[in-house]
Amino acid sequence: MSLTSFEQELLAFFRANQETGFTINQLATEFKMQGVKKYKKLVKAITFLQHIQEVEMVNGNKFRSVQTSHNLVTGTFRANNKGFGFITYEEGEPDLFVPPTNTGAAMNGDIVEAQIIKQVDPETGKGSEAMVTKVIERVTKQMVGEFFSYNQDEREQTGYLGYIVPQGEYGEEVKIMVLPEGIHPADHTICIIKIKEYPTTDNPNLLTGLVSKEIGHRDAPGVDILAILFQFGIPHEFPENVIAEAEAVPQEIDPKDLEGRRDLRNELIITIDGADAKDLDDAISLEKNDDGTFQLGVHIADVSHYVKEGSAIDREAFERGTSVYLTDRVVPMLPQRLSNGICSLHANEDRLTLTCDMKIDTRGEVIDYEIYPSVINSSYRMTYDAVNKMIDGDDVTNREFSEISEMVQEMAELHHILETKRTNRGALNFDAPEAKIIVDEEGHPLDIQLRARYTGERLIESFMLCANETVAYEYTKRQLPFVYRIHEQPKEEKMLRFAEFVTSFGMVLRGNVAQIEPRQLQQALKAVEGEPFEQVVSTMMLRSMQQAKYSDLPAGHYGLAAEDYTHFTSPIRRYPDLMVHRLIHRYLVNQPSAKEIEKLEEKLPGIAEHASKMERRAVDAERETDALKKTEYMMDKVGEQYEGMISSITSFGIFVQLPNTVEGLISLKDLDDDYYEFNPQHMVLIGRNRGNIYRIGQKVTIEVTAVDIDERNIDFKLIKAEPMEGLRPISLSKQKSKKDKNNRPKSKKDFQRATGREKAYSKSKNSKNKASKSSAEKSFKIRKRGR
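Rules used in this analysis
Residues numbered from 1 in each chain as written. Predicted model: local features only at pLDDT ≥ 70, side-chain atom pairs only at ≥ 80, totals over all residues. Heavy atoms only, no water. Helix = DSSP H or I, 4+ residues; strand = E, 2+ residues; numbered from the N terminus. Buried < 20%, exposed > 50% of the residue type's maximum accessible area, 1.4 Å probe, protein only. Contact = heavy atoms within 4.5 Å. Areas by Shrake-Rupley, 256 points an atom, 1.4 Å probe, with all protein chains shown as cover. pLDDT = per-residue confidence, 0-100. Arc of directions from axis to C-beta. Pairing = 2+ DSSP bridges. Axes fitted to C-alpha atoms, helices over the stretch in contact; angles between N-to-C directions. Parallel < 35°, antiparallel > 145°, perpendicular 65-115°, else oblique. Left-handed = near helix turned anticlockwise from the far one by under 90°. Nonpolar A, V, L, I, M, F, W, Y, C, P; charged D, E, K, R; others polar. 1 Å grid on protein atoms, 1.4 Å probe; cavity = no way out; pocket = protein on both sides within 12 Å on 5 of 7 lines; lining within 4 Å. Points joined across faces, edges and corners; volume = space filled by probe spheres on them. Patch = residues over 30% accessible without salt bridge, like charges linked within 9 Å, V, L, I, M, F, W, Y side chains within 5 Å. Salt bridge = Lys/Arg side-chain N within 4 Å of Asp/Glu carboxyl O. Lys, Arg positive; Asp, Glu negative; His and termini not counted. Charge placed at Lys NZ, Arg CZ, Asp CG, Glu CD. UniProt positions renumbered as here; feature names shortened; annotations may be inferred. Phe/Tyr/Trp six-rings, centres within 6.5 Å; stacked < 30°, edge-to-face > 60°.

**Observations regarding the overall build of the protein**
Alright, step 1. Looking only at helices and strands, the protein has 20 helices and 33 strands in total.
Alright, step 2. Counting the 787 residues in the protein, one finds 52% classified as buried.
Alright, step 3. In the protein, the proportion of contacts linking residues at least 24 apart, taken out of those at least 6 apart, comes to 67%.
Alright, step 4. Total accessible area on the protein is roughly 37300 Å²; 47% of this is exposed by carbon and sulfur atoms.

**Some words on the confidence of the model for the protein**
Alright, step 1. Per-residue confidence for the protein gives a mean pLDDT of 86, with 90% of residues at or over 70.
Alright, step 2. Below a pLDDT of 50 lies the segment residues 729-787, which in the model reaches 137 contacts outside its immediate sequence neighbourhood of four places, other chains included.

**Re helix 14 (residues 518-527)**
Because an α-helix completes one turn every 3.6 residues, residues spaced three or four positions apart along the sequence face the same direction.
Alright, step 1. The complete set of buried residues in helix 14 reads P518, L521, Q522, A524 and L525. Angularly, the buried residues of helix 14 cover 155° about the axis, an arc narrow enough to put them on a single face. Exposed residues pointing more than 90 degrees away from the buried face of helix 14 are listed as K526 and A527.

**What to know about the pairing of strand 32 (residues 699-708)**
Alright, step 1. Here 5 bridges tie strand 26 (residues 641-650) to strand 32, and the two strands are oriented antiparallel to one another. Across the sheet, residue M645 finds its bridge partner in strand 32, namely K699.
Alright, step 2. Relative to strand 33 (residues 713-721), strand 32 runs antiparallel, the two being bridged by 8 bridges. In the sheet register, A706 faces strand 33, and the bridge partner there is D715.
Alright, step 3. Where strand 32 folds back onto strand 33 in an antiparallel hairpin, the turn is made up of 4 residues, including R712, whose phi is positive at roughly 60°.

**Examining the packing of helix 6 (residues 240-247) against helix 7 (residues 312-320)**
Alright, step 1. Running from amino to carboxyl end, helix 6 crosses helix 7 at an angle of 120°, the nearest separation of the two axes being 8 Å. Taken together, the axis directions place helix 6 and helix 7 in an arrangement best described as oblique. Between helix 6 and helix 7 lies a crossing of left-handed hand. Residues N241, V242, E245 and A246 of helix 6 form the contact with helix 7, whose own contacting residues are A312, I313, R315 and E316.
Alright, step 2. Class assignment for the residues of the contact of helix 6 with helix 7 results in 4 nonpolar, 1 polar and 3 charged.

**What to know about empty space enclosed by the protein**
Alright, step 1. Taken as a whole and judged by the stated rule, the model has 1 cavity of 30 Å³ or more.
Alright, step 2. In this structure, the largest cavity encloses a volume near 30 Å³.
Alright, step 3. Lining the largest cavity we find E643, G644, K699, V700, T701, K720 and E722.
Alright, step 4. Looking at the lining of the largest cavity, the elements that each hand over two or more residues are strand 26 and strand 32.
Alright, step 5. Looking at the lining of the largest cavity, the element that brings in the most residues is strand 32, giving 3 residues.
Alright, step 6. Of the residues contributing to the lining of the largest cavity, the split by class is 1 nonpolar, 2 polar and 4 charged.

**What to know about the side chain of T103**
Alright, step 1. Turning to its location among the elements, T103 is positioned in the loop between strand 5 (96-98) and strand 6 (111-118).
Alright, step 2. Classification of T103 as buried rests on a relative accessible area of 11%.
Alright, step 3. Beyond its immediate sequence surroundings of up to four residues, T103 is in contact with F77, G83, F84, G85, V98 and V132.

**What about the sheet that holds strand 8 (residues 142-149)?**
Strand pairing within a sheet occurs via backbone hydrogen bonds; the two strands may be parallel or antiparallel.
Alright, step 1. One closed barrel holds the 5 strands; their spatial order is 8-9-10-12-11, and the pairing between them is mixed. The mean angle between the axes of side-by-side strands here comes to 50°, regardless of whether they run parallel or antiparallel.
Alright, step 2. Looking at chain direction, strand 10 (residues 175-178) and strand 12 (residues 206-217) are connected through 4 bridges and run parallel. Its bridge partner being in strand 12, I176 is matched across the sheet by L207.
Alright, step 3. Running over the sheet, helix 5 (residues 223-231) touches strand 8, strand 11 (189-197) and strand 12 and is turned about 140° from strand 12.

**With respect to the sheet that holds strand 31 (residues 693-695)**
Alright, step 1. Taken together, 3 strands build an open sheet; the order of strands is 29-30-31 and the sheet is antiparallel. Each edge of the open sheet carries a strand with a single partner, namely strand 29 (676-679) and strand 31. Strand after strand, the sheet turns through a mean of 20° between neighbouring axes, direction not considered.
Alright, step 2. With 4 bridges joining them, strand 29 and strand 30 (residues 684-687) adopt antiparallel strand pairing.

**Structural notes on the packing of helix 1 (residues 5-16) against helix 3 (residues 36-51)**
Alright, step 1. Running from amino to carboxyl end, helix 1 crosses helix 3 at an angle of 70°, the nearest separation of the two axes being 10 Å. Relative to helix 3, helix 1 is oriented roughly perpendicular. When the axes of helix 1 and helix 3 are compared, the crossing they make is right-handed. Every residue of helix 3 that contacts helix 1 at F6, E7, L10 and L11 is listed here: K41, L42, A45, I46, F48 and L49.
Alright, step 2. Taken together, the residues of the contact of helix 1 with helix 3 sort by class into 8 nonpolar, no polar and 2 charged.

**Some points on a negative patch on the surface**
Alright, step 1. A cluster of acidic side chains, namely E172, E173, D708, D710 and D715, defines a negative patch on the protein surface.
Alright, step 2. Examined against the element boundaries, E173 turns out to sit in the loop between strand 9 (162-166) and strand 10.
Alright, step 3. Since its relative accessible area comes to 48%, E173 is described here as partly exposed.

**What to know about the pattern of salt bridges**
Alright, step 1. Evaluated as defined, the whole model comprises 31 salt bridges.
Alright, step 2. Across the pair K669 and D670 runs a salt bridge whose closest N-O atoms are separated by 3.7 Å.
Alright, step 3. K669 gets classed as exposed once you look at its relative accessible area, which sits at 67%.
Alright, step 4. When salt bridges with common partners are traced through the structure, they connect D224, K629 and E632 into a single cluster.

**What to know about the UniProt feature "coiled-coil region" (unreviewed entry) in the protein**
Alright, step 1. As annotated by UniProt and renumbered to match this structure, "coiled-coil region" (unreviewed entry) occupies residues 597-631.
Alright, step 2. The annotated region residues 597-631 carries 100% helix and 0% strand content, and the separation between its end C-alpha atoms amounts to 51 Å.

**Topic: the packing of aromatic side chains**
Alright, step 1. The final tally for this structure, using the stated rule, is 18 aromatic pairs.
Alright, step 2. A ring pair is formed by F318 and Y575, whose centres lie 5.6 Å apart and whose planes are at 75°; its orientation type is edge-to-face. Of this pair, F318 sits in helix 7 while Y575 is found in helix 16 (residues 575-589), placing the two residues 257 residues apart along the sequence.
Alright, step 3. Residue classification places F318 among the partly exposed positions, given a relative accessible area of 24%.
Alright, step 4. With a relative accessible area of 4%, Y575 lands in the buried category.
Alright, step 5. Ring geometry for Y369 against Y473: centres 6.5 Å apart, planes inclined by 75°, an arrangement best described as edge-to-face.

Shown next, in the form of structure tokens:
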């Protein structure tokens, strides 16, 4: 069945106005079809759409889009503290925007049924809306928040001890009334409360529950980060059965453990890590051959030898998914007896490992390799600082480590070869500044320092990337079930927005943006190298990328321009790496049977999906903790002035990032020298009367005016803005979509979601993604089974 262009236009109109009925005369006016011939054409088109059951008659004389079950979806509701939300219902399909009046009684994370009431506009990619019709499953069983106690009279009148204001994505008006059946906490205690009664459509902001645990008083040291762990459901203590299993693991290697392993204890092997690292899961060996090739050994802690499938430690590691790094502490995936003990590759200690031994030519190509179980004894525990000094020619450090001085120089040489290879094939390098927050013993921030990455850090990264690619290639080639780290092609609508954004910097992305290659984006980064807006373009490009994740399909890694990629190198802190080790051991013994392959193919997708979710949870908790400590650090800086750079422009103001990565907002209402309008295509503010322009990348001087730790907000006042040279003038589009006005973010937190600084949301998606996904999966399966 095919529709004429007019029938397609008419159908799109009905779908965009899902709940509204229109008379023939109203449609004739809308489409300018009042003439006899045109009117007949309209009637004929509507009749045909009725025939194919896309349009129905209502109230005797009106037509509307058919209200069928295909407009009902089931998905996950993500709440916003401003009252609206989004529903994610199918991978590849656009998220549905839920206006505040249509959220029903849904809470963040709930599984809901929703009615699509407005379809996405194919021209703008916006306007897709839904209404929650039913809460299918309440995911939130408990919440974390601060307790506010009632006095005696209030307790007697209400029957409640007081109320809790929950942490997370909830509006200020949301309260949890505390029943007396549970713990009776003191005022301003951070608590965990079990939910007894959920919101209703009549009372969408009211819950009841009982306190099950007191985390501590809000002002007690460390309670703030503990509260974040509880907020995100991250366990920070190990169950007794896990501890018991860990205690039973010997801290020395049994001679029987060496059977079937290659003995590398006499080889010169070293570890290179940060000075404060305790879980050392990778070690390196390197020799340069007479023909100029390199023999690189990447030796990874064999955690799978100690963490047996189905054990209590394994089940706990699976649930955690990853270690979580929160400013002043690490929440490990494995008990410290393993992560910092027998599994950690300490110097001068025998340790069990899995080795990826690669012969690499002068172009960086792996021309031969072996993957095998081994035992090593690391000769040196090196730090990045020491290695960087050696590479820079520091005589004192080179004399101190004279035995490995030549090897370190050869490591730097190989790193540059591998880096050049990645660059030549189009790998992207988003080298955004990272901050390290220095805190005192009580967790109060003392300083924020930028993390510097020199050759020592980068060469370890190069060697780990090379090993990950090699291991992934081996098991894709062998057509065996495996766990991959994948990064998919950017979505078309995001690339289109990025392409439009960079035109203001004089850049043009040519060709088919929907299928843009990494090399093209790499060239765009190179074109702005050294420009004042270089970091801005890099950041906006990064936000246009899809999120990397784990999968059982070898989809490749877009950002690395790698056809094969996995995570093999950090099994102490990432469960997928542990799973990869377990699979390698299984495949080294013998070729699995068809039944074993079928069982693994059923099992691995769930493991990959769960690991991806736990990774995102960890990132969210780390981001929340950083935001907390940064606002806390800025508390005594109110009134001080700093130089910074505009990091983003929104309809409600200007975000400015300071050199230490602290970010604050200059509210639009405080820009009182003109009336400013927001251009979303180029993300600029333009003064209507004076023509002042504020854009991303512009250097400014600001004054800190307010800091709100609870909301993680920092407010700035603009003191001075430096003009940006060499940029195209921007004209403000006069055509503003009504839907755009209704849906665009209204606050800082809304914007943070839109830019990926908190859980990203997107109302602008391409409806073709679902079809492309299924065909992509098919091609991956073909490749996996017969490369």
